[in-house]
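# Survey of secondary and tertiary structure
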Amino acid sequence: MFATFKNVPMPDENGFFGEYGGQLVPPHLKAAMDGIATAYAEIRERPDFKEKLSGLLADYVGRPSPIFYARRLSRQLGGAHIHLKREDLNHTGAHKINHCLGEVLLAQFMGKKKVIAETGAGQHGVALATACALIGIPCEIHMGQVDIEKQHPNVTKMRILGCKVVPVTRGAATLKEAVDSAFEEYLKNPDDYFYAIGSVVGPHPFPMMVRDFQAVVGREAREQFQERHGRLPQHVAASVGGGSNAIGLFSAFLEDEGVHLVGVEPAGEGVDKPGRHAATLTRGRPGEIHGMKCYVLAGPDGTPSAVHSVASGLDYPGIGPQHSYLKDVGRVDYVAVDDQEALDAFMTLARTEGIPPALESAHAVAWAIREAPRMAGDEHILVNLSGRGDKDADYVAERLGL
Ligand SMILES: *Cc1c(COP(=O)(O)O)cnc(C)c1O
């Protein structure tokens with residue numbers, strides 16, 4: 001289950017990927033994080049846990065997800081062949097269920113009485129509420145009042161799943177305030193509560209643990225591709241918000257030197273417009289956010305910048321510490337795709353293959369659409385289709401006047 005890079009275990013025992021990561025939290029929280037790290041180290045070796053998780057991934061999530069060859073799209077573009085890892089076909093429609101199940105099973109193993117999290121657009125909230133309903137643990141999701149009004153279908157889903165949705169009305173009443181509010185609730189009783197982080201971010205062990213739970217995507221994809229084509233793809237691409245779907249796919253290919261790995265960040269309205277993009281690795285600097293060291297988009301005083309993307313799952317001013325490390329050592333190329341390219345890719349994939357992608361995933365598809373025509377006819381691009389576009393259909397239709 002460990003991911004390694006050139007035989008170096010990642011992260012080290014203190015949670016560092018090179019200089020990034022760690023546990024930059026006060027002592028009482030460090031104790032809670034250490035407790036989670038210890039419990040995780042124990043369960044991931046236990047056959048009963050592994051069996052339970054892999055059973056649920058198969059019978060509940062529907063794994064393995066297939067790889068689909070986008071024949072019409074590839075023909076239309078000319079050049080490289082584009083293949084899609086279909087995480088959009090998972091129960092709940094995206095990759096997030098993979099790590100939410102792992103985290104909730106861990107909470108159950110630790111005897112926790114409640115799982116707490118924040119959600120912005122509601123995708124993490126719905127995946128977590130789903131896992132909690134399945135395992136049978138109370139779930140409490142904090143969400144900004146502004147987001148509650150914008151993302152009503154997800155709020156309704158969470159309530160149907162039996163989750164307590166806590167509206168946060170302070171300040172701007174969006175994601176940042178929801179994080180603060182959820183954290184305050186967690187700190188009331190870290191012994192009995194489990195804080196479930198929604199990506200490969202936050203203090204150790206979350207970046208490692210969420211990656212390990214997502215690594216199933218890469219393991220499957222590498223084997224499926226090898227089996228079908230007798231070789232590996234030359235290019236592997238995924239969208240990057242916090243970085244969980246990307247690192248899950250990349251993990252299996254890190255040691256394959258011939259495989260070009262591409263993380264696609266949201267350029268929003270342009271990386272030259274401060275506050276109007278979320279291209280953290282393209283425009284950020286090493287800094288601190290949410291208990292970890294990583295690249296951060298921040299003002300001169302270190303406070304995180306406002307961020308924007310047409311894909312609300314990508315607008316985060318930090319990035320997973322392992323991605324920060326992989327950028328510095330040059331193993332992964334990080335590129336940016338703007339809102340318009342993502343919208344175009346959404347429509348193109350819908351109309352050539354009958355697959356409307358999540359706007360997050362559309363960023364990775366857009367990179368493939370941009371690059372495939374410049375590549376040779378024997379090159380293959382594997383794209384992580386991290387989620388389905390149903391949630392974005394109304395927005396896209398309104399924006400494009402359909
Ligand atoms: C949340 C989300 C993302 C971005 O999160 P990562 O942790 O970077 O993977 C990407 N795609 C979909 C469909 C999402 O829901």
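Notes on the structure follow. Worth saying up front: this structure is predicted, and the values here are computed from it rather than measured.

### Quick notes on the pattern of salt bridges
Any two side chains of opposite charge can pair, on the condition that their charged atoms come close. Inspection of the entire model under this criterion finds 25 salt bridges. Of the charged contacts, one joins Lys85 and Glu220 as a salt bridge, the two residues approaching to 2.7 Å between their closest N and O atoms. Taken together, the positions of Lys85 in strand 6 (residues 81-86) and Glu220 in helix 9 (residues 206-229) put the pair 135 residues apart, joining distant regions of the chain. Accessibility assignment for this pair places Lys85 and Glu220 in one class, buried. Residues Glu184 and Arg170 are paired through a salt bridge, measuring 3.1 Å at the closest nitrogen-oxygen approach. Here Arg170 lies in the loop between strand 9 (164-168) and helix 8 (175-188) and Glu184 lies in helix 8, a separation of 14 residues in the sequence. A relative accessible area of 35% places Arg170 in the partly exposed class.

### So, the pairing of strand 13 (residues 285-289)
Note: strand 13 against strand 14 (residues 292-296), five bridges, orientation antiparallel. Paired with Ile289 across the bridge in strand 14 is Met292. Counting the residues that bridge the hairpin from strand 13 to strand 14 gives two residues, and of these His290 lies at a positive phi of roughly 45 degrees.

### A closer look at the sheet that holds strand 7 (residues 114-118)
Strand order in the open sheet formed by four strands is 9-8-7-10, and the pairing between neighbours is parallel. Pairing within the sheet leaves two strands with one partner each, and these edge strands are strand 9 and strand 10 (193-195). Direction aside, neighbouring strands of the sheet carry axes that sit 25 degrees apart on average. In this structure, strand 7 lies alongside strand 10, joined through three bridges in parallel fashion. Bridge pairing in strand 10 links Lys114 to Tyr193.

### Quick notes on the site of the ligand
Among the 16 residues in the neighbourhood of the ligand, the closest are listed as Lys96, Ser199, Gly243, Ser244 and Ser386. Lys96 is positioned with one of its side-chain polar atoms (N or O) 2.5 Å from an oxygen atom of the ligand. At 3.2 Å, a backbone N or O of Gly242 approaches an oxygen atom of the ligand. When isolated, the ligand has an accessible area of 380 Å², and the protein chains bury 97% of it. Here the shell around the ligand spans two domains, and each of domain 1 (14-57 + 95-207) and domain 2 (64-93 + 215-400) adds at least three residues to it.

### Digging into the layout of surface pockets
There is about 240 Å³ of room inside the second largest pocket. What lines the second largest pocket is a set of 18 residues, among which His277, Arg283, Leu297, Ala298 and Ser305 lie closest to the centre. Looking at the lining of the second largest pocket element by element, the count peaks at three residues for strand 13. Taken together, the residues of the lining of the second largest pocket break down into eight nonpolar, six polar and four charged.

### Observations concerning helix 7 (residues 152-160)
Restricting attention to buried positions, one finds in helix 7 the residues Asn154, Val155 and Met158. Each buried residue of helix 7 lies within a common arc of 100 degrees when the element is viewed along its axis, so the set occupies one face. What points out from helix 7, more than 90 degrees from its buried face, is the exposed set Pro153 and Ile160. The secondary structure elements touched by the buried residues of helix 7 are helix 5 (123-135), strand 8 (139-144), helix 6 (145-150) and strand 9.

### Details of empty space enclosed by the protein
Applying the stated criterion to the full structure yields two cavities of 30 Å³ or more. Taken as a whole, the largest cavity spans an internal volume of roughly 50 Å³. As for the largest cavity, its lining consists of Thr92, Ala94, Lys96, Gln123, Val126 and Ala127. The element best represented in the lining of the largest cavity is helix 5, accounting for three residues. Of the residues assigned to the lining of the largest cavity, the class counts are three nonpolar, two polar and one charged. The volume enclosed by the second largest cavity comes to roughly 30 Å³. For the second largest cavity, the full set of lining residues is Val200, Pro207, Arg211, Ile247, Gly320, Pro321, Gln322 and His323.

### Here we look at the nonpolar core
Nonpolar side chains tend toward joint burial in soluble globular proteins. Leu128, Tyr186 and Phe194 are the most contacted members of the largest nonpolar core, which has 87 residues in total. No other element matches helix 9, which puts nine residues into this core. Here this core spans two domains, since at least three of its residues come from each of domain 1 (14-57 + 95-207) and domain 2 (64-93 + 215-400). Each residue touching Leu128, except ones within four places of it in the same chain, is listed here: Cys100, Val104, Val115, Ala117, Cys139, Ile141 and Ala196. Among the nonpolar cores identified, the runner-up in size contains 33 residues, and Val337, Phe346, Leu349 and Ala372 belong to it.

Cut-offs applied
- Residue numbers restart at each chain and count upward from 1, following the sequence in its written direction.
- Per-residue local features are limited, in this predicted model, to residues with pLDDT of at least 70; the limit for side-chain atom pairs, both in listing and counting, is 80 or more; totals at the level of whole chains, interfaces and linings are taken over all residues.
- Side-chain numbers come from the whole structure's heavy atoms, not from hydrogens or water.
- A carboxyl oxygen of Asp or Glu within 4 Å of a side-chain nitrogen of Lys or Arg is what we treat as a salt bridge.
- Each helix is a run of H or I in the DSSP string that is no shorter than four residues. Each strand is a run of E no shorter than two, and both are numbered from the N terminus.
- Each residue is assigned to one of three classes by its accessible area relative to the maximum for its type, calculated with a 1.4 Å probe on protein chains only: buried under 20%, partly exposed between the two thresholds, exposed over 50%.
- When DSSP finds two or more bridges between a pair of strands, those strands are recorded as paired.
- As a rule, the C-alpha atoms of each element are fitted with a line to give its axis, helices using only the stretch in contact, and angles between N-to-C directions run from 0 to 180 degrees.
- Proximity is defined per residue: any heavy atom of the residue falling within 4 Å of a molecule or strand makes that residue near it.
- Any N or O atom pair separated by 3.5 Å or less is treated as a polar contact, with the protein-specific requirement of one donor-capable and one acceptor-capable atom, and with residues adjacent in sequence counted only for side-chain atom pairs.
- Surface accessibility follows the Shrake-Rupley procedure with a 1.4 Å probe radius. Residue values consider only the protein chains on display as shielding.
- Note that domain bounds follow an automatic or database assignment of domains.
- Both site types are read off a 1 Å grid over the protein atoms alone. A 1.4 Å probe that fits but cannot get out defines a cavity, while an open set with protein on both sides within 12 Å along at least five of seven lines defines a pocket; lining residues have an atom within 4 Å of a point.
- Grid points are joined across faces, edges and corners, and a volume is the space filled by probe spheres set on the points.
- Each residue gets one label: Ala, Val, Leu, Ile, Met, Phe, Trp, Tyr, Cys and Pro are nonpolar, Asp, Glu, Lys and Arg are charged, and the others, such as Gly, are polar.
- Arc definition: it is the arc formed by the directions from the helix axis to the C-beta atoms.
- Contacts are assigned to residue pairs with any non-hydrogen atoms lying within 4.5 Å of each other.
- In this text, buried Ala, Val, Leu, Ile, Met, Phe, Trp, Tyr and Cys residues form a nonpolar core when linked through side-chain atoms within 4.5 Å.

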